[in-house]
Amino acid sequence: MQRTNFSELAACSIARTLDVIGEPWSPLILRDVFAGFGRFEQIQADLGISRKVLTERLNHLVDQGVLERKPYDRRPRYEYVLTEKGTDLVDLLLVMTRWGDKWLAGEAGPPVLYRHHACGEISTVDLRCAHCGEPMHAGDVDPLPGPGSAV
């Protein structure tokens with residue numbers, strides 16, 4: 001199946017990110033690797049994804065530098081680990097989790113809780129300005145052309 005190359009649509013960081021994880025399986029694979037399911041069989045069992053699709057998605061994520069293969073026996077068999085680039089994408093998934101917990105979790109509440117290492121408390125991700133530390137949400141910012149803008 002031919003994938004749309006979103007990065008060619010515009011000089012847009014969202015489009016470029018979608019080119020890496022813009023289909024439904026990739027964020028779920030990253031979630032599983034983050035949660036400790038690094039082996040092919042573990043990911044497949046957790047997601048119920050076909051071997052062919054999982055192989056394609058893992059290859060794509062490795063090619064994009066988001067995951068790295070590490071051998072774990074002589075056959076060779078590999079487990080998948082997040083790279084620095086992949087760990088940064090998990091930050092994006094945590095923001096998606098916050099939105100899903102707020103708007104879609106229902107009466108049962110969130111399916112997963114996150115304990116913050118620094119304080120030991122259960123918390124959610126909160127976007128903050130890197131300069132002043134204040135909350136930073138859509139109503140608090142103005143999009144401006146950047147140095148990589150096509151305009």
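First, a word on scope: everything that follows refers to the structure included in this document. Just so we're clear, the structure is a prediction, and the values are computed from it rather than from any experiment. (Residues numbered from 1 in each chain as written. Predicted model: local features only at pLDDT ≥ 70, side-chain atom pairs only at ≥ 80, totals over all residues. Heavy atoms only, no water.)

**Notes on the side chain of Glu-23**
We count it as follows: Counting from the N terminus, the helices are DSSP H or I runs at least four residues long and the strands are E runs at least two residues long. Buried means the residue's accessible area, taken with a 1.4 Å probe over protein chains only, is under 20% of the maximum for its type, while exposed means over 50%, and partly exposed covers the values in between. Definition of a polar contact: a pair of N or O atoms within 3.5 Å, with one able to donate and the other able to accept a hydrogen when the atoms are protein atoms, and with sequence-neighbouring residues admitted only if both atoms are side-chain atoms.
Within the secondary structure, Glu-23 sits in the loop between α1 (13-21) and α2 (25-34). Residue classification places Glu-23 among the buried positions, given a relative accessible area of 16%. Among the polar contacts listed, one links the side chain of Glu-23 to the backbone nitrogen of Trp-25, at a separation of 3.0 Å. Of the polar contacts made by the side chain of Glu-23, one reaches the side chain of Arg-57; its length is 2.8 Å.

**Overview of helix α5 (residues 84-103)**
Residues lying three or four places apart along an α-helix face the same way, a consequence of the helix completing one turn every 3.6 residues. The condition that has to hold: Under the convention used throughout, the expected extent of a helix is 1.5 Å for every residue step, that is, one less than its residue count. Any two residues whose heavy atoms approach within 4.5 Å at even a single point are treated as in contact.
Taking 1.5 Å per residue as the helical rise, α5 with its 20 residues ought to reach 28 Å, and the 29 Å between its terminal C-alpha atoms agrees with that figure. On the buried face of α5, the contacting elements are α1, α2, β2 (77-82) and β3 (114-115).

**Description of the layout of surface pockets**
For clarity, the threshold we go by: Cavities and pockets are defined on a 1 Å grid built over the protein atoms alone: a cavity is a set of grid points where a 1.4 Å probe fits but cannot escape, while a pocket is an open set with protein on both sides within 12 Å along at least five of seven lines, and lining residues are those with an atom within 4 Å of any such point. Grid points are joined across faces, edges and corners, and a volume is the space filled by probe spheres set on the points. The nonpolar class holds Ala, Val, Leu, Ile, Met, Phe, Trp, Tyr, Cys and Pro. Asp, Glu, Lys and Arg form the charged class, and all remaining residues, Gly among them, are polar.
A volume near 530 Å³ is recorded for the largest pocket. Surrounding the largest pocket, 19 residues form its lining, Arg-31, Leu-93, Thr-97, Val-112 and Tyr-114 being those nearest its centre. Elements represented by at least two residues in the lining of the largest pocket include exactly α2 and α5. Here the element with the most residues in the lining of the largest pocket is α5; it accounts for seven residues. Considering only residue class, the lining of the largest pocket consists of 14 nonpolar, two polar and three charged.

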